[in-house]
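# Structural overview
So the chains spell out like this:
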Amino acid sequence: IHLLLKSDKRQQLAKIYLDILSPLCEKFGMFNEKEILDDLCFNIVFPENYRSLSIKLDKYKEKSRNLIKKITRNLEYLLLHEKYSFIVKGRYKSLYSIYRKLNKKSENDIFKLRDIFAFRIILKSRSSKQCFEVLDLLHDQFEPIVDGFKDYISIPKVNGYQSLHTALNKVISGLDLPIEVQIRTQVMDDFAEKGMAAHFLYAETKKSKLVSE
């Protein structure tokens, strides 16, 4: 796409990617590839929207950098106190993902979206039961948002993706800031990040029951 000199041809290919290949990447669990290509093609197909949103996100990052550190520390402290073995990651959603959310909600203000950044708790245990224990712990400690819970462990997505998703408020005491938290095992995270490669690796070593026909 980037080596093509004619902008109309570049735009045509980039739009085909966003409309057809991006959803296919998601079906196959190729989330890293999807995110990189989504933002590259977003910049080609909608350059003005890309620049405008990029500037807004940079401002948001400046304001929220310390918040991410504080939220991460609060989550880590809670899990360490309960003696779980885990990793906590905080990250911003991709530009194209934020753009789609704004369009879906007919919203222009990036600061009104509740899940611009998401947190992921990756448990070292292979037990999915522990994911539900951590979910209960978070819901007891913080303020869960009713429509923010999704159970992709009991009912995985069609591509095999498994994780618990929840939305929480007041993870920082006194601060009204809803956030999204994903809870999963290391096996589930490898599959989510690396797609089919991880799927077949675990299937061959008999370490996972995520084997589909």
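All residue numbers refer to position in the chain's written sequence, counted from 1. Reporting of local features is limited, given that this is a predicted model, to residues whose pLDDT is at least 70; pairs of side-chain atoms are given and counted only at 80 or more, and all residues count toward the totals for whole chains, interfaces and linings. With hydrogens and water stripped out, all remaining heavy atoms of the structure feed into the side-chain values.

## A few points about the packing of helix H1 (residues 7-27) against helix H2 (residues 31-45)
Using the following cut-off: The axes are straight lines fitted to the C-alpha atoms, using for helices just the contacting stretch, and the angles between their N-to-C directions are given from 0 to 180°. Here a helix means four or more residues in a row that DSSP labels H or I, a strand means two or more in a row labelled E, and each is numbered from the N terminus. Any angle that falls under 35 degrees is termed roughly parallel, while one over 145 is termed roughly antiparallel, one within 65 to 115 roughly perpendicular, and all others oblique. Less than a right angle of anticlockwise turn of the near helix away from the far helix marks a crossing as left-handed, whereas a clockwise turn marks it as right-handed. Contact between two residues is taken to exist if any of their heavy atoms lie within 4.5 Å; hydrogens are not considered.
Where H1 meets H2, the closest approach of the two axes is 9 Å, and the angle between their N-to-C directions is 155 degrees. When the interaxial angle is binned, H1 and H2 end up roughly antiparallel. As H1 packs across H2, the resulting crossing turns out to be left-handed. Along its contact with H1, which presents Arg10, Gln11, Ala14, Lys15, Tyr17, Leu18, Ser22, Cys25 and Glu26, the element H2 presents Phe31, Glu33, Lys34, Leu37, Asp38, Cys41, Phe42, Ile44 and Val45.

## Digging into the environment of isoleucine 172
Inspection of the secondary structure assignment puts isoleucine 172 in the loop between strand E5 (164-169) and strand E6 (179-185). In the structure, isoleucine 172 is positioned 102 residues away from lysine 70 in sequence and 7.3 Å away in space, judged by C-alpha atoms. In this structure, isoleucine 172 is in contact with Leu67, Lys70, Ile71 and Asn74, ignoring residues within four places of it in sequence.

## A closer look at the pairing of strand E2 (residues 117-123)
For the record, the criterion: The rule is simple: take the accessible area with a 1.4 Å probe, protein chains only, and divide by the maximum for that residue type; under 20% is buried, over 50% is exposed, in between is partly exposed. DSSP-based pairing: two strands are paired if at least 2 bridges between them are found.
For E2, the buried fraction is high: seven of the seven residues fall into the buried class. The alternating pattern of E2 places Phe117, Phe119, Ile121 and Leu123 and Ala118, Arg120 and Ile122 on opposite faces, both of which are buried. Of the pairings in the sheet, the one linking strand E1 (residues 86-92) to E2 comprises seven bridges and is antiparallel in character. For isoleucine 87, the partnering residue across the bridge sits in E2 and is isoleucine 122. Alignment of E2 against E6, held across six bridges, turns out to be parallel. Bridge pairing in E6 places leucine 123 opposite threonine 185.

## Examining helix H4 (residues 95-104)
For clarity, the threshold we go by: This arc corresponds to the set of directions leading from the helix axis out to the C-beta atoms.
Three or more residues of H4 are buried, namely Leu95, Tyr96, Ile98, Tyr99 and Leu102. Viewed along the axis of H4, the buried residues span an arc of 160 degrees, placing them on a single side of the element. On its buried side, H4 packs onto H1, H2 and helix H3 (47-81). In the segment just after H4, serine 106 is the residue with positive phi, at about 50 degrees.

## Remarks on helix H5 (residues 128-141)
Here is the rule: Expected helix span is taken as 1.5 Å per residue step, with the number of steps being one fewer than the number of residues.
A rise of 1.5 Å per residue sets the reference length of H5, with its 14 residues, at 20 Å; its end C-alpha atoms lie 20 Å apart and thus fit the reference within 8%. Buried residues of H5: Gln130, Cys131, Val134, Leu135, Leu137 and Leu138, and no others. Looking down the long axis of H5, one finds its buried residues gathered within 160 degrees of arc, a one-sided arrangement. When the buried face of H5 is taken as reference, the exposed residues oriented beyond 90 degrees from it are Lys129 and Asp140. Buried residues belonging to H5 abut H3, E2, E5 and E6.

## A word on the layout of surface pockets
How we decide: Each cavity reported here is a set of points on a 1 Å grid over the protein atoms alone in which a 1.4 Å probe fits but cannot get out, each pocket an open set with protein on both sides within 12 Å along at least five of seven lines, and each lining residue one with an atom within 4 Å of a point. Grid points are joined across faces, edges and corners, and a volume is the space filled by probe spheres set on the points. Put simply, Ala, Val, Leu, Ile, Met, Phe, Trp, Tyr, Cys and Pro go in the nonpolar bin, Asp, Glu, Lys and Arg in the charged bin, and everything else, Gly too, in the polar bin.
Estimated volume of the largest pocket: approximately 1,200 Å³. Surrounding the largest pocket, 32 residues form its lining, Lys93, Ser97, Lys101, Lys157 and Glu180 being those nearest its centre. Breaking the lining of the largest pocket down by element, the ones donating at least two residues are H2, H4, E5, E6 and helix H6 (186-194). Taken together, the residues that form the lining of the largest pocket break down as six nonpolar, seven polar and 19 charged.

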